[in-house]
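Descriptive analysis of the structure
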Amino acid sequence: MSRTRIALRRAGTVTALTAAGLLTAAGIASAHVTVHPESYAKGATDGVLTFRVPNEEDNAGTTKVQVFLPTDHPVLGVLVSPQDGWTAKVTNTKLKTPVKTDDGTITDAVSEITWTGGKIDPGHYEDFNVAFGQLPEDADQLTFKTLQTYSDGKTVRWIEEASGGEEPENPAPVLKLTAKGTDEGAGSTTPLPTSSKTSAGTKATASSSDSTARGLGVAGLIVGVLGLAAAVFAVLRSRATGSRAE
């Protein structure tokens, strides 16, 4: 095998391994259950939260999703959007501290939403939409602990909270609450979804952090291409040097 073919084959192997490694890392980092948008203004009204649930198993489907809403800083006026193939069960809890609103005093709020009956196949995700009447004004963030159950009986507990700046292995979805009047996140209101049917946008072979995955993948390909180009240049230069020597 010629020196040129050996160099090109080695460079191609490095390119493939680099790109594959970065894409794998991106997939792992983006396979968590997340809530969208990532932030809302404190006290926001008439909005929608979307819980994105990816299936990260190879041989089992997701058959049950449980989202637990905080009751110390409750989300008021929760409504669940119908989801094709899924049945939602909403659980209300008596609040330890009633919440006073312009419409009166609220003594209970939704503490859990459980979806069953449907299935998220391997390599797919599902979006579950939840409308709310008002978000709390006295909190900086809301944590929505989530349980994801698979058809083989395995349950993944997305309940861990970040500590020390490091993301835990199974982080709970977190919604940041920003100061009123800021432009961060979705603002104070978000229109309700016009259709509850699952579409390519809510059920696809992609994860919740598509942009991050694509960015890392492109970076890997660029590194590989540069490495390949460098190898070719080195081979041509060595051949030119050999010719001059002769």
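Everything discussed here concerns the structure shown above.
Residues numbered from 1 in each chain as written. Predicted model: local features only at pLDDT ≥ 70, side-chain atom pairs only at ≥ 80, totals over all residues. Heavy atoms only, no water.

1. Topic: the pairing of strand β12 (residues 174–178)
- Across 3 bridges, the pairing between strand β2 (residues 39–41) and β12 is parallel. Of the residues in β12, the one forming a bridge with Tyr-40 is Leu-177.
- Bridge count between strand β9 (residues 141–143) and β12: 3 bridges; the pairing is antiparallel. Looking across to β12, one finds that Gln-141 is bridged to Lys-176. (Pairing = 2+ DSSP bridges. Helix = DSSP H or I, 4+ residues; strand = E, 2+ residues; numbered from the N terminus.)

2. Section: the pattern of salt bridges
- In the structure shown here, the tally under the stated rule is 5 salt bridges.
- Between Arg-52 and Asp-127 there is a salt bridge, and its shortest N-O distance comes to 2.8 Å. Separated by 75 residues along the polypeptide, Arg-52 in strand β3 (residues 45–54) and Asp-127 in strand β8 (residues 125–134) bring together distant segments of the chain. Across this residue pair, the class does not change: Arg-52 and Asp-127 are buried.
- With a closest N to O distance of 4.0 Å, Asp-121 and Lys-119 form a salt bridge.
- When its relative accessible area of 33% is taken as the criterion, Asp-121 is described as partly exposed. (Salt bridge = Lys/Arg side-chain N within 4 Å of Asp/Glu carboxyl O. Buried < 20%, exposed > 50% of the residue type's maximum accessible area, 1.4 Å probe, protein only.)

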